[in-house]
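Structural overview for review
Read off the chains here:
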Amino acid sequence: MRPIIAIRPEPGLSSTLALGRELGLAVTGVPLFEIRPLEWQLPDPATIDALLIGSANAFLGNESNLARLTDKPVYAVGKTTADAARDAGFAIAAIGSGGLQNVLDQIATPTRLLRIAGAERVPLSPPAGVTIETVVAYESAPLPVDPDLRTALSQAPIVLLHSVAAARHFASECKRLGIDPRQVELAALGPRIVEMLDETWRAIHVSSQPTDRDLLEMVRNLCE
């Protein structure tokens, strides 16, 4: 089977590797990013009805702020994020599928949301009656390609891309190291992720739904 490489950071990387094993895929994890918590100012909790969370990384660090919000229900983008919210002491209002905008569209109005997000995040359009205040709680710091990954990239692998930042940084590293993109196949979680990539890659595939399971099932079909 062709090498399959996941470059997303922890804690999402472990989730992808576990799901890959469940689906019979030998996915190698080589993170090209490191999640770093950032300090953020807590708005008045009285002005917040619920939390909108698009990543488990929202619960890293800043325990004092989070402790003052545990009475607020969480609208989570997916199961992994919901599990992290529960582990942090939060109740779950809803678990989405297909992206954070889909979660937002299902929220009853009027609702005042606090979005705890990363420095790079997907823009959202709240429905009438829903307001969103955003705090930036973490950043994804890029890491260089290490020698082992560089070797793996010469073996016609499929590389999993979970974000626009991942696509941008991976393409930049390949260019910096002189890695021929024609020997690398890309599998992306959604079309927005690969919009900035040119057509020099061996192939670019996009999951039909923006979930890890759909992405990995697509890759499994590619490897058959």
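About the criteria used
- Residues numbered from 1 in each chain as written.
- Predicted model: local features only at pLDDT ≥ 70, side-chain atom pairs only at ≥ 80, totals over all residues.
- Heavy atoms only, no water.
- Buried < 20%, exposed > 50% of the residue type's maximum accessible area, 1.4 Å probe, protein only.
- Helix = DSSP H or I, 4+ residues; strand = E, 2+ residues; numbered from the N terminus.
- Pairing = 2+ DSSP bridges.
- Right-handed = clockwise from strand over helix to strand, strands pointing away.
- Axes fitted to C-alpha atoms, helices over the stretch in contact; angles between N-to-C directions.
- Parallel < 35°, antiparallel > 145°, perpendicular 65-115°, else oblique.
- Left-handed = near helix turned anticlockwise from the far one by under 90°.
- Contact = heavy atoms within 4.5 Å.
- Nonpolar A, V, L, I, M, F, W, Y, C, P; charged D, E, K, R; others polar.
- Salt bridge = Lys/Arg side-chain N within 4 Å of Asp/Glu carboxyl O.
- Expected span 1.5 Å × (residues − 1).
- Arc of directions from axis to C-beta.

**What about the pairing of strand β10 (residues 185-188)?**
- The side-chain alternation of β10 yields two buried faces, one formed by Glu-185 and Ala-187 and the other by Leu-186 and Ala-188.
- Looking at chain direction, strand β9 (residues 158-161) and β10 are connected through four bridges and run parallel. Its bridge partner lying in β10, Leu-160 is registered against Ala-187.
- Each parallel crossover has a hand, and for β9 linked through helix α6 (residues 164-177) to β10 it is right-handed.
- In this structure, β10 lies alongside strand β11 (residues 203-206), joined through four bridges in parallel fashion. Counted as the bridge partner of Ala-187 is His-205 from β11.

**Remarks on the packing of helix α1 (residues 12-22) against helix α7 (residues 212-223)**
- Two numbers describe how α1 lies on α7: the axes approach to 10 Å, and their chain directions differ by 50 degrees. As summarised for this structure, α1 and α7 are arranged oblique, according to the angle between their axes. α7 is crossed by α1, and the crossing has right-handed handedness. Where α1 abuts α7, its residues Ser-15, Thr-16, Leu-19, Gly-20 and Glu-22 lie against Asp-212, Arg-213 and Leu-216.
- Along the lines of polarity and charge, the residues of the contact of α1 with α7 split into two nonpolar, three polar and three charged.

**Observations concerning the pattern of salt bridges**
- Tallying each qualifying case throughout the model produces twelve salt bridges.
- Measuring nitrogen to oxygen at the nearest pair gives 4.0 Å for the salt bridge that ties Asp-71 to Lys-72.
- Here Asp-180 and Arg-182 are joined by a salt bridge, their closest N and O atoms 3.1 Å apart.
- Since its relative accessible area comes to 28%, Asp-180 is described here as partly exposed.
- When salt bridges that share partners are traced, they join Arg-2, Glu-185 and Arg-202 into one network.

**A closer look at unusual backbone geometry**
- Here Glu-10 and Pro-11 are connected by a cis peptide whose omega angle stands at 5 degrees.
- Tracing the chain through its elements places Pro-11 in the loop between β1 (4-6) and α1.
- The omega angle of the peptide bond from Thr-109 to Pro-110 is -5 degrees, so this bond is cis rather than trans.
- Along the chain, Pro-110 falls in the loop between α4 (100-105) and β7 (111-118).

**Brief notes about α6**
- Along its 14 residues, α6 runs 20 Å from first to last C-alpha, staying within 8% of the 20 Å computed at 1.5 Å per residue.
- Of the surrounding secondary structure, the elements contacted by the buried residues of α6 are β3 (33-37), β8 (130-142), α5 (147-152), β9 and β10.
- Just beyond α6, the residue with positive phi is Gly-178, at close to 70 degrees.

**Some words on α1**
- Taken together, the buried positions of α1 are Gly-12, Leu-13, Thr-16, Leu-17, Leu-19 and Gly-20. One side of α1 carries all its buried residues, which in axial view fall inside an arc of 165 degrees. Exposed residues lying more than 90 degrees from the buried face of α1 are Arg-21 and Glu-22.

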